[in-house]
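Remarks on the overall topology
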There are 2 protein chains.
Amino acid sequence: MKLQNIKIVMVGTTHPGNIGAAARAMNNMGISHLSLVAPQCPVGETAYARASGANGVLDNRETCDDLPRAIENCSLVVAASARRRSLPWPELSPAELALKLDSMDDSNHVALVFGREHSGLTNEEIQLCNQMVCIPANPEFSSLNLASAIQILCYEIYARLGTAVPPGKVPDAHDLPAPSAEVEGYIRHLQTTLECCGYLDPEQPGMIMQRLRRLYLRSQLTRNEINILRGMLTAIEKQQN
Amino acid sequence: MKLQNIKIVMVGTTHPGNIGAAARAMNNMGISHLSLVAPQCPVGETAYARASGANGVLDNRETCDDLPRAIENCSLVVAASARRRSLPWPELSPAELALKLDSMDDSNHVALVFGREHSGLTNEEIQLCNQMVCIPANPEFSSLNLASAIQILCYEIYARLGTAVPPGKVPDAHDLPAPSAEVEGYIRHLQTTLECCGYLDPEQPGMIMQRLRRLYLRSQLTRNEINILRGMLTAIEKQQN
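The structure contained in this document is the topic of the report that follows. Source: prediction; values computed, not measured.

A closer look at the pairing of strand 1 (residues 6–11) of chain B
Residues and elements named next belong to chain B. Most of strand 1 is tucked away, with 6 of its 6 residues classed as buried. Burial of strand 1 is two-sided: the residues Ile6, Ile8 and Met10 facing one way and the residues Lys7, Val9 and Val11 facing the other way are all buried. Sheet analysis places strand 1 next to strand 6 (residues 110–114), joined by 5 bridges and oriented parallel. Paired with methionine 10 across the strands is phenylalanine 114, a residue of strand 6. The pairing of strand 1 with strand 2 (residues 33–37) spans 5 bridges and is classified as parallel. Across the sheet, the residue bridging to lysine 7 is histidine 33, located in strand 2. The β-α-β motif built from strand 1, the intervening helix 1 (residues 16–28) and the parallel element strand 2 has right-handed crossover chirality.

As structure tokens, then:
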């Protein structure tokens, strides 16, 4: 599913700063469709200031009188809520939601519905939704800022849907982990140098070489790094002669 | 690893609202240690208002003059940054960071370092960190609000670590990643030795020290390893005299 098919629906928002911060969070994650249901504040200077340049999201918002209107073209409607109801609704984690969207094709439209700052969504509103998504949080301080909740869900979705094409830059071969033979060549060189400078007793090597080996294998040395490390050893040897 | 062992470090923050919003985001996700490095604003009414009740995080914050001081007891230091450097630092996704923390035991302390609102972290600051974590974002609008970035990382960590972690075997302290101050001590020692043996020209150091730094920070050196590496340097110096 394309990010363009996802709509963020904010119901009864009272603080314009939250609308602006939500627009920025959405735009950061490549999501641009914002729908305001019965907003309780103007979308003006405060909102645009907090949007920090995500003006397009605010300019192109839609405003609806009620939730059914906002979601009418959506085949999946998901309510974001921390509150448990007497009749629990099917619940997804944010990661499960992203997985689900990833499995849907581009003919679908999806709404993610966020409630009021202080009272969330009503039971009636939740019952218009197919599922709920619950953001895990500290049970002793579980109320997230509205725009932060939108940020988390948009991030989860973008991380799965928006990054499908990896950046094309191929690293230089000398910045990739070197083949084993080159690493072993370095370790042998290191051992010889340490014996020459008296740090390592060939008769009683103890655990030192094993520990150094573990360190350098763990590091997955690149060719560039091996060149530097061997250059050091050569410089040290010259000093000794 | 316990959430209590994780510290959020904000460097040079200019907006008190971001400090307050960060405190709320942290508390929502069960993370309470906040460290401010050279803050450029007071932590007063605006910050407490945006914290929305997460007062304990603000009350118990620490303030440091510079980043080395804030991270001195940390065995893993991760820079949050969207910026690519000419010498790229090892990078984690937020999910990979959470996995990594999940695999570490309670003897470790971890710092997540966030830069200034407009200019992020300096190259020098990033080079004090073991790794970078990059939040995937819309390449055309990639600048996240500072508190939003903190929210996303804390969420990823809480989603993985927030449930009880079974206690594991506690390894010897000398086989655990060493604190930053000890790693920095080794890197200084290395540089001195390399200058003495003529491998490094103090006037034209080039990229060598940066590459060595990247290697050793990536490796998360243990105390035992640092002892071995410094022992080598001492042996080499004796040969030179």
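Re the environment of isoleucine 157 of chain B
Residue and element names in this part refer to chain B. Position of isoleucine 157 relative to the elements: it lies in helix 7 (residues 146–161). Judged by relative accessible area, which is 0%, isoleucine 157 ranks as buried. With 127 residues separating them in the primary sequence, isoleucine 157 and glycine 30 have C-alpha atoms 9.5 Å apart. Sequence-distant contacts of isoleucine 157, defined by excluding residues within four places in its chain, comprise Leu3, Ile6, Ile31, Leu97, Ala98, Leu101, Leu112 and Gly162.

Some points on the packing of aromatic side chains
In this structure the tally under the stated criterion is 3 aromatic pairs over all chains. Ring geometry for tyrosine 186 of chain A and tyrosine 216 of chain A: centres 5.2 Å apart, planes at 90°, overall edge-to-face. Taken together, the positions of tyrosine 186 of chain A in helix 8 (residues 180–196) and tyrosine 216 of chain A in helix 9 (residues 208–218) put the pair 30 residues apart, joining distant regions of the chain. Of the two residues, tyrosine 186 of chain A and tyrosine 216 of chain A, neither departs from the other in class, the shared state being buried. Each residue in the set Tyr186 and Tyr216 of chain A together with Tyr186 and Tyr216 of chain B is aromatic and connected to the rest through ring pairs, giving one cluster.

Notes on the interface of chain B and chain A
Counting residues at the interface gives 56 residues for chain B, matched by 57 residues for chain A. Surface buried jointly by chain B and chain A totals about 4500 Å² across both partners, of which 59% is contributed by carbon and sulfur atoms. When the buried surface of chain B facing chain A is broken down by residue, Phe141, Tyr155 and Ile228 of chain B rank first, second and third, together holding 15% of it. Taken together, the links from chain B to chain A amount to 3 salt bridges. With its nearest N and O atoms 3.4 Å apart, the salt bridge here joins aspartate 175 of chain A to arginine 211 of chain B. Taken together, the links from chain B to chain A amount to 28 residue pairs in polar contact (both at pLDDT 80 or more). Of all elements in the fold, only helix 1, helix 2 (45–51), helix 5 (94–103), helix 7, helix 8 (180–196), helix 9 (208–218) and helix 10 (223–240) of chain B reach the threshold of two or more residues within the side of chain B that touches chain A. Partitioning the side of chain B that touches chain A into residue classes produces 30 nonpolar, 18 polar and 8 charged.

Describing the sheet that holds strand 7 (residues 131–133) of chain A
All names here are of chain A. Across the sheet, which stays open at both edges, the 7 strands sit in the order 3-2-1-6-4-7-5 with parallel pairing between neighbours. Only two strands of the sheet have a single neighbouring strand rather than two, namely strand 3 (62–64) and strand 5 (91–92). Sheet topology places strand 5 next to strand 7; 2 bridges connect them, and they run parallel. The partner of glutamate 91 across the bridge, within strand 7, is methionine 132. Sheet strands in contact with helix 7 (residues 146–162) are strand 1 (6–11), strand 4 (76–80), strand 6 (110–114) and strand 7, and its direction is about 170° off that of strand 1.

Quick word on the sheet that holds strand 3 (residues 62–64) of chain B
Strand order in the open sheet formed by 7 strands is 3-2-1-6-4-7-5 (chain B), and the pairing between neighbours is parallel. Each edge of the sheet is formed by a strand with only one pairing partner; in this case those strands are strand 3 and strand 5 (91–92) of chain B.

A look at the nonpolar core
Within the largest apolar cluster, 90 residues are counted, with the highest numbers of intra-cluster contacts made by Ile8 and Leu101 of chain A together with Ile8 and Leu101 of chain B. In contact with leucine 101 of chain A, other than residues within four places in its own chain, are Met1, Ile6, Leu76, Val110, Ile157 and Leu161 of chain A. One finds Met209, Leu229 and Leu233 of chain A together with Leu221 of chain B within the second-largest nonpolar core, a separate group that totals 41 residues.

A look at helix 8 of chain A
With 17 residues, helix 8 of chain A should reach 24 Å at 1.5 Å per residue; the first-to-last C-alpha distance of 24 Å fits that figure. Every buried residue of helix 8 of chain A is listed here: Val183, Gly185, Tyr186, Ile187, His189, Leu190, Thr193 and Leu194 of chain A. Next to the buried residues of helix 8 of chain A lie helix 9 and helix 10 (223–240) of chain A together with helix 10 of chain B. Directly after helix 8 of chain A, the chain includes glycine 198 of chain A, whose backbone phi takes a positive value near 85°.

Cut-offs applied
- Within each chain, residues carry numbers counting from 1 in the order of the written sequence.
- As they are written, the chains are lettered A onward and the ligands numbered 1 onward, keeping that order.
- Thresholds applied to this predicted model are a pLDDT of at least 70 for local features of residues and 80 or more for the giving and counting of side-chain atom pairs; totals over whole chains, interfaces and linings are not thresholded and use all residues.
- Only hydrogens and water are set aside; all other atoms, that is, all heavy atoms of the structure, feed into the side-chain values.
- Partly exposed describes any residue whose relative accessible area lies between the buried limit of under 20% and the exposed limit of over 50%, with all areas from a 1.4 Å probe on protein chains only and scaled to the type maximum.
- Labels follow the DSSP assignment, with helices taken as runs of H or I lasting at least four residues and strands as runs of E lasting at least two, numbered in each case from the N terminus.
- Two strands form a pair only when DSSP identifies at least two bridges running between them.
- Note on handedness: a crossover is taken as right-handed if, strands pointing away from the viewer, the path from the first strand over the helix to the second is clockwise.
- Only heavy atoms enter the contact rule, under which two residues are in contact if any of them lie within 4.5 Å.
- A pair of aromatic rings is counted whenever rings of Phe, Tyr or Trp (Trp by its six-membered ring) have centres within 6.5 Å, and the orientation is called stacked for planes under 30 degrees apart, edge-to-face for over 60 and tilted otherwise.
- Throughout, buried area stands for the accessible area (probe radius 1.4 Å) lost by two parts on being put together, summed over both.
- What counts as a salt bridge is simple: a side-chain nitrogen of Lys or Arg found within 4 Å of a carboxyl oxygen of Asp or Glu.
- The definition of a polar contact used here is a pair of N or O atoms within 3.5 Å, where within protein one atom must be able to donate a hydrogen and the other to accept one, and adjacent residues in sequence count solely through side-chain atom pairs.
- Lys, Arg, Asp and Glu make up the charged group, whereas Ala, Val, Leu, Ile, Met, Phe, Trp, Tyr, Cys and Pro make up the nonpolar group; the residues left over, Gly among them, are polar.
- To define axes, lines are fitted to C-alpha atoms, for helices over the stretch in contact only, and angles between the resulting N-to-C directions are given on a 0 to 180 degree scale.
- In this text, buried Ala, Val, Leu, Ile, Met, Phe, Trp, Tyr and Cys residues form a nonpolar core when linked through side-chain atoms within 4.5 Å.
- One less than the number of residues in a helix, times 1.5 Å, gives the span that helix is expected to have.

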